[in-house]
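Fold and contact review
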Number of protein chains: 2
Amino acid sequence: MDTPQPRMRWWGWGEDGHDGPVKPGAKKMLNKVCGRSAGVVNPPIDLDDVQLPAPALPPEAFARIAELLGAGHIRDDHARRVSHSVGRSTPDLIRLRSGVLSSAPDAVLYPGTDAEVDELLAICQEERISVVPFGGGTSVVGGIETVRGEFSGSVCISLARLDEVVDIDEESLTVTVQAGVFGPDLEERLQAVGFTLGHFPQSFEFSTVGGWVATRSAGQQSTGYGRIDAKVLGLRCSTPTGPVELRPSPASAAGPDPRQLIVGSEGTLGIITEVTLGISRLPEVSLPDAWFFPDFHSGAAALREMEQTGLRPDIARLSDVNETAFGLAQLGSGVQRKGVLAVLRARGITTPCLLVLRYDGQRASARMRRADGRDIAKRHKGVSVGGSPETMWEKHRFSTPYLRDQLLTEGTLVDTLETSAPWSAIEQLHDSIGQEIEESLAKRGTPALVLCHISHLYSTGCSLYYTIFARQEEGREIAQWKALKTAASDAIIAGGGTITHHHATGRDHAPWIPRETGELWVRMLRAAKAEADPVGIMNPGKLMNGPDQL
Amino acid sequence: MDTPQPRMRWWGWGEDGHDGPVKPGAKKMLNKVCGRSAGVVNPPIDLDDVQLPAPALPPEAFARIAELLGAGHIRDDHARRVSHSVGRSTPDLIRLRSGVLSSAPDAVLYPGTDAEVDELLAICQEERISVVPFGGGTSVVGGIETVRGEFSGSVCISLARLDEVVDIDEESLTVTVQAGVFGPDLEERLQAVGFTLGHFPQSFEFSTVGGWVATRSAGQQSTGYGRIDAKVLGLRCSTPTGPVELRPSPASAAGPDPRQLIVGSEGTLGIITEVTLGISRLPEVSLPDAWFFPDFHSGAAALREMEQTGLRPDIARLSDVNETAFGLAQLGSGVQRKGVLAVLRARGITTPCLLVLRYDGQRASARMRRADGRDIAKRHKGVSVGGSPETMWEKHRFSTPYLRDQLLTEGTLVDTLETSAPWSAIEQLHDSIGQEIEESLAKRGTPALVLCHISHLYSTGCSLYYTIFARQEEGREIAQWKALKTAASDAIIAGGGTITHHHATGRDHAPWIPRETGELWVRMLRAAKAEADPVGIMNPGKLMNGPDQL
């Protein structure tokens, strides 16, 4: 029977064999800031040793589902349940590798058609079974955790069999695609006929179209190619009370946009089964560029000018002082690193901030934009270092998450989080988030190394993306993570940011949603949900129905 | 007391003294296609002769409101009530000028602060008074018609006193502005410091920021500067149960976007009191260009290529054969027109379609884009005619609505309507809408002249905008209008379009909303509304609570 396996290994990111080493320079930096980890080694336990609640789907419900889907499309073996139990947030990984999961789906279901998804949700509603939709399982915000609660059972509905690229409309530059199609499969189909979606989130290799849309995702090239919410022209969403079907429309004034209520609904309203997305022609060239700035302020000012003058690099990523230092320590050899630093010192740059850029398009116009970008970078005291840092970054751009697994094994807690804000708030926000994270962890005796970069430019603002390292508090890793997450999230809201620019809400960001958007909006969202999902079976415990605190 | 008058004359569009003549050539064309109007002349009656239901606000409610706002800020004189009774749709104008209005607000209220709007809505909810928010009163879809129904009274809340530009954030390229600020006033403030919103709907002179946001408006330069929904970063919306306050955010993944539920809500959820919008730097130059194409297909193909290659003209407007002919008849002298047609015939063009374009930006890059655009136009068999047709169009772009008033006086029914669709559906949709309108009116013995243009380009599609002329059926003008409107709307939905690209929904498009988006979405929207407005006082009879048929 055709029940595709999850593409990621059960206990961590991605596939085996891709873990790159933490380089000596980076280790030295971690030890210096965070203190040497006490030699603790925390390897993941064996899959068989993971403790799960016994599967407990009522037999009648099991039988109804098996009859609908075919017996081979309902699976409740241990491995399948573990691999669909949680996503890939830091607390998810801590729990997975320690083998203590508080919840797991009773079964994983594999519908093969839109109509089967419709019927499945109707059955789950009747049987009072909670439902978690599952694309690639890459959520880093607790978005796919099973909640059994008062329900008679809980299932995970995998979209793995909805894996067709339905139509490429070359005239309208759109693709209609089923929700379960993975990033690389879609890009392969599009690029074969000269197009690209241009959507490359860090999870690209393991995440799906449906997941991108459900989480309001933004890819690493969103500065040039746009966020997923700007690409959605039409969609189909199954709900327990029937489907919402929205025709592809480039733009409309027909009331509030229903697409924008379903985009970002994270499975709480229903299951997105198909979407129509805007696509782009493949660029003739992609021109890399890279600069070192004497400080974060100068680099941010250069980026702002590039975006606001309409230059619009397709990729733009400015690392702050810490992230630049860590990147040099991790990516270059010691000799290379010292050489770079010496050259920069000679140019008066002692706290370098690295900017990588990419310009896509027709050769002539991409070159012109790069030339214009170089003028701007120079005016803001940038020092050019050619294109190789961008090429190097791009080569490794999907492999950074493996580092987290490896560091967790070695006793280092790693987390990432992000926000966005108007340009006028960015620098103060950058500083305050970093300080609050550092204080929250210093207080616990585990000083943090906090890295940050700007990416995802808009004329009106940009995103800030943080990576945090600290020595693990053995046995209290979750409490430690909660402390840093709470400190960061409070600082984001206090500083005028959004609780998430592209990671979505899930369980982990839910407590801050009312603080960002107000209680009335949350009540309105719940009311709309109650119409589509009156029993509340759809992804409970997330977003508008998430917890009040971590 | 400070209760500003509406800016438009009570019986028609705009201000007196701007009515341009219908030129002989255009009259001749109308007579030829539609048949000579029977010499009927329908001037508007006197304001004093307009029949209104007597004002009937319960005295206790009147007193509470007067106490809150100050007695001078509640007005129920005849003139004020007439000028706030309906918008400027064709049926609105027919009713206004005949002096028979089925409804009018009992009073017009002028709150002066956000807090007063909050309190006013709370009072109206307690007193069961229906509320119509009023910006400039330019709705062409029945968006501001009073519904008394089972309510104890009905009021119009004018935003005229919320007229401050609160802040221009030059670093983030945003403006924060109160809802009652009119287009020209905002542009004056922005342009004085080197910026523009770039939002120029045909109603620009008489419409407000709040109205634009509430109706999900798009301006004539939206191809370059973007639609209003893409400009909204933050907003404040008073509802009967309290305000929704959304901080300015360039982008977010924090669940469904609450901004996009309030944008386009047309006063049915609450009253938008303040918004933060993205702005642009004033362009160094605006370069006009214009082309004649041998047919609509060639012109559409050229526009599609311009947009999809990233050239992005800031204004682009392609008239079909009928609109081009009417435009030549109306704008040029007979000699000019014959000269143009002779030149085109010599180039093999017998059914010319006029394209006007504008390229804004830095001089060098605007020139380059225009040069690239010219290459594309030539490849699609376009014949260049310099920039003057664009300049001419721009000069008259806000005065076309006056023509409608004049033609109504002369016995000719005029209506406009619009849609958008993916490029692959556009040409068939263009033909089918036109045919259905023509058939619906021919059947009634009033053959129609139907003009259309493409404007508002997106990489994935564009909008179609229709102007319809027919001899009025004296005494049955509303039935005649309903017939053409129903035929056009049915054709739009059948052909894959949206019921409105930028006119909004109001009362007139409400019957087609469930057919476009499905009943479930309408129920979800109603549920969200019930949370903000449980008594249902906010702009009843519109959008999700509109009629099932015209």
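Each chain carries its own residue numbering, running from 1 in the written order of its sequence. The lettering of chains begins at A and the numbering of ligands begins at 1, in the order of writing. This being a predicted model, a pLDDT of at least 70 is required before a residue's local features are given, and a value of 80 or more before pairs of side-chain atoms are given or counted; all residues contribute to the totals for chains, interfaces and linings. Side-chain calculation: all heavy atoms of the structure are included, whereas hydrogens and water are not.

With respect to the overall build of chain A
- Working definition: helices are DSSP H or I runs of at least four residues, strands are E runs of at least two. Numbering for both runs from the N terminus. A tally of regular secondary structure across chain A gives 20 helices and 18 strands.
- Each radius of gyration is computed over the set of C-alpha atoms, and the globule rule expresses the reference value as 2.2 Å times the number of residues to the power 0.38. Here the C-alpha atoms of chain A give a radius of gyration of 23 Å, agreeing with the 24 Å that 2.2 N^0.38 yields for 550 residues.
- Each of the three principal axes of chain A carries a C-alpha extent, and together these read 75 × 60 × 45 Å.
- Burial classes follow relative accessibility: with a 1.4 Å probe on protein chains only, a residue under 20% of its type's maximum area counts as buried, one over 50% as exposed, and anything between as partly exposed. Across the 550 residues of chain A, 64% fall into the buried class.
- Contact definition: two residues touch when any of their heavy atoms are within 4.5 Å. Taking the contacts inside chain A whose residues are at least 6 apart along the sequence as the reference set, 79% of them involve residues at least 24 apart.
- Charge counting treats Lys and Arg as positive and Asp and Glu as negative, with His and both chain ends excluded. Where a charge lies is defined by one atom per residue type, namely NZ (Lys), CZ (Arg), CG (Asp) and CD (Glu). Looking at chain A, you have 56 positive and 68 negative side-chain charges, and the mean spots of the two groups are 8 Å apart.

A short note on the pattern of salt bridges
All names here are of chain A.
- When a carboxyl oxygen of Asp or Glu is within 4 Å of a side-chain nitrogen of Lys or Arg, the pair counts as a salt bridge. The tally for this structure, following the rule as stated, stands at 52 salt bridges over all chains.
- For Asp114, the salt bridge is made with Arg236, and the minimal N-O distance between the two is 3.4 Å. Highlighted residues: Asp114 in helix α5 (residues 114-127) and Arg236 in strand β8 (residues 232-239), separated in sequence by 122 residues.
- Arg236 sits in the buried class, given a relative accessible area of 9%.
- In this structure, Arg358 and Glu394 form a salt bridge, with 2.6 Å as the shortest nitrogen-oxygen distance.

Here we look at the environment of His430(A)
- Secondary-structure assignment places His430(A) in helix α17 (residues 423-442).
- Residues His430(A) and Ala377(A) lie 53 residues apart in sequence; the distance between their C-alpha atoms is 21 Å.

Regarding the interface of chain A and chain B
- Listed per partner, the contact involves 79 residues of chain A and 79 residues of chain B.
- Summed over both partners, the accessible surface that disappears when two parts come together, traced with a 1.4 Å probe, is what is meant by buried area. Here chain A packs against chain B, burying approximately 5,700 Å² in sum over the two surfaces, 60% of which is carbon and sulfur.
- Applying the counting rule to chain A against chain B returns 2 salt bridges.
- The salt bridge involving Glu531(B) is made with Arg523(A); its shortest N-O contact spans 3.2 Å.
- Two N or O atoms count as a polar contact when they lie within 3.5 Å, although within protein this holds only if one can serve as hydrogen donor and the other as acceptor, and sequence-adjacent residues are included solely when both atoms are side-chain atoms. For the pair chain A and chain B, the interface holds 36 residue pairs in polar contact (both at pLDDT 80 or more).
- The greatest single-element share of the side of chain A that touches chain B, amounting to 9 residues, is contributed by helix α20 (residues 519-532) of chain A.
- Here the nonpolar group is Ala, Val, Leu, Ile, Met, Phe, Trp, Tyr, Cys and Pro; Asp, Glu, Lys and Arg are the charged ones; every other residue, Gly included, is treated as polar. Classifying every residue of the side of chain A that touches chain B gives 34 nonpolar, 28 polar and 17 charged.

What to know about the packing of aromatic side chains
- Aromatic pairs are defined between Phe, Tyr and Trp rings, using the six-membered ring for Trp, whenever the two ring centres lie within 6.5 Å; interplanar angles under 30 degrees are classed as stacked, those over 60 as edge-to-face, and all others as tilted. Scanning the model with the defined rule gives 10 aromatic pairs over all chains in all.
- Arranged with centres 6.1 Å apart and planes meeting at 85°, the rings of Trp13(A) and Phe206(A) form a pair that is edge-to-face. Taken together, the residues Trp13(A) in the segment before α1 (24-34) and Phe206(A) in the loop between β7 (195-196) and α7 (209-214) connect sequence positions 193 residues apart.
- The exposure class assigned to Trp13(A) is buried, which follows from its relative accessible area of 4%.
- Since its relative accessible area comes to 3%, Phe206(A) is described here as buried.
- Aromatic pair Phe200(B) and Phe204(B): ring centres 4.8 Å apart, planes at 55°, arrangement tilted.

A closer look at the relation of the copies chain A and chain B
- Superposing copies: least-squares fit, C-alpha atoms only, residues required to have pLDDT of at least 70 in both. Expressed as a screw transformation, the operator carrying chain A onto chain B has a rotation angle of 180° and an axial translation of 0.0 Å, and the superposed copies differ by an RMSD of 0.0 Å. Expressed as a symmetry operation, the mapping of one chain copy onto the other fits a two-fold axis.

Focus: the sheet that holds strand β18 (residues 461-471) of chain A
Residue and element names in this part refer to chain A.
- One open sheet holds the 7 strands; their spatial order is β15-β12-β14-β13-β17-β18-β16, and the pairing between them is antiparallel. Across the chains shown, the open sheet's two edge strands, defined by having one partner strand only, are β15 (383-384) and β16 (412-422).
- Bridge count between strand β12 (residues 285-293) and strand β14 (residues 353-361): 9 bridges; the pairing is antiparallel. Paired with Ala290 across the strands is Val356, a residue of β14.
- Helix α18 (residues 477-494) contacts β16 and β18 of the sheet and is inclined by roughly 15° relative to β16. Here a strand pair is declared whenever DSSP counts at least two bridges between the two strands. Fitting a line to C-alpha atoms yields each axis, with helices limited to the stretch in contact; the angle taken between N-to-C directions then spans 0 to 180 degrees.

Considering the nonpolar core
- To form a nonpolar core, buried Ala, Val, Leu, Ile, Met, Phe, Trp, Tyr and Cys residues must be joined to one another through side-chain atoms within 4.5 Å. In terms of nonpolar packing, the biggest core is built from 94 residues, with Leu186(A), Leu277(A), Leu186(B) and Leu277(B) touching the most fellow members.
- Those residues in contact with Leu277(A) that sit more than four places away from it in its chain are Leu173(A), Thr174(A), Val175(A), Val177(A), Leu197(A), Val209(A), Val213(A), Ile228(A), Lys231(A), Val232(A) and Leu233(A).

Some words on the packing of helix α11 (residues 296-308) of chain A against helix α14 (residues 363-379) of chain A
Residue and element names in this part refer to chain A.
- Where α11 meets α14, the axes come as close as 9 Å, and the angle between the chain directions of the two elements is 150°. In the packing of α11 onto α14, the handedness of the crossing is right-handed. Contacts from Ala302, Glu305 and Met306 in α11 reach Gly373, Ile376, Ala377 and Arg379 in α14.
- Residues of the contact of α11 with α14, tallied by class, amount to 4 nonpolar, 1 polar and 2 charged. Note on convention: near helix rotated counterclockwise from far helix by under a right angle means a left-handed crossing. Clockwise means right-handed.

Here's the deal with helix α20 (residues 519-532) of chain B
- When the terminal C-alpha atoms of α20(B) are compared, their 20 Å separation across 14 residues agrees well with the 20 Å that a helix rising 1.5 Å per residue should span.
- Regarding α20(B), the residues found buried are Leu520(B), Trp521(B), Val522(B), Met524(B), Leu525(B), Ala527(B), Ala528(B), Lys529(B) and Ala532(B). One less than the number of residues in a helix, times 1.5 Å, gives the span that helix is expected to have.

With respect to the pairing of strand β3 (residues 129-134) of chain A
All names here are of chain A.
- Burial runs high along β3: 6 of the 6 residues are buried.
- Residues Ile129, Val131 and Pro133 line one face of β3 and the alternating positions Ser130, Val132 and Phe134 line the opposite face, and both faces are buried.
- Note: β3 against strand β4 (residues 153-158), 6 bridges, orientation parallel. When the bridges of β4 are listed, Ile129 appears paired with Gly153.

Some words on the sheet that holds strand β18 (residues 461-471) of chain B
Residues and elements named next belong to chain B.
- Taken in spatial order, the 7 strands of this open sheet run β15-β12-β14-β13-β17-β18-β16, and their pairing is antiparallel. Where the open sheet ends on each side, the last strands, each with one partner, are β15 (383-384) and β16 (412-422).
- Here 11 bridges tie β16 to β18, and the two strands are oriented antiparallel to one another. In the sheet register, Leu413 faces β18, and the bridge partner there is Ala470.
- Contacting β12 (285-293), β13 (315-319), β14 (353-361), β17 (449-458) and β18, helix α12 (residues 321-331) runs over the sheet at an angle of about 105° to β17.

Notes on helix α5 (residues 114-127) of chain B
Residues and elements named next belong to chain B.
- With 14 residues, α5 ought to run about 20 Å at 1.5 Å a step, and its terminal C-alpha atoms sit 20 Å apart, in line with that.
- Counting buried residues along α5, 10 of its 14 residues qualify, which places the element largely inside the surrounding structure.
- Of all the positions in α5, only Asp114, Glu116, Val117, Asp118, Leu120, Leu121, Ile123, Cys124, Gln125 and Glu127 are classed as buried.
- Just past α5, the residue Arg128 takes up positive phi, approximately 55°.

A look at the pairing of strand β6 (residues 174-178) of chain A
Residue and element names in this part refer to chain A.
- Across the 5 residues that make up β6, a large majority, 5, are buried.
- The alternating pattern of β6 places Thr174, Thr176 and Gln178 and Val175 and Val177 on opposite faces, both of which are buried.
- As paired strands, strand β5 (residues 165-169) and β6 are joined by 4 bridges and run antiparallel to one another. Counted as the bridge partner of Val165 is Val177 from β6.
- Two successive antiparallel strands, β5 and β6, enclose a turn made up of 4 residues, where Leu173 displays a positive phi of approximately 55°.

Some points on the confidence of the model for chain A
- When the pLDDT values of chain A are averaged, the result is 95; 99% of them are 70 or greater.
- Model confidence for the complex: the whole-complex pTM is 0.97, and ipTM, which rates the interface, is 0.97. Per-residue confidence from the predictor is reported as pLDDT, which spans 0 to 100.

Some points on the side chain of Ser130(B)
- Position of Ser130(B) among the secondary structure elements: in strand β3 (residues 129-134).
- Excluding residues that lie within four positions of it along the chain, Ser130(B) makes contacts with Val147(B), Phe151(B), Gly153(B), Ser154(B), Val155(B), Ile537(B) and Pro540(B).

Structural notes on the environment of Phe182(A)
All names here are of chain A.
- Summarising the element assignment, Phe182 is placed in the loop between β6 and α6 (183-192).
- By relative accessible area, Phe182 is classed as buried at 10%.
- With 46 residues separating them in the primary sequence, Phe182 and Gly136 have C-alpha atoms 7.6 Å apart.
- Discounting residues that sit within four places of it in the chain, Phe182 has contacts with Arg7, Gly135, Gly136, Glu205, Phe206, Ser207 and Thr208.

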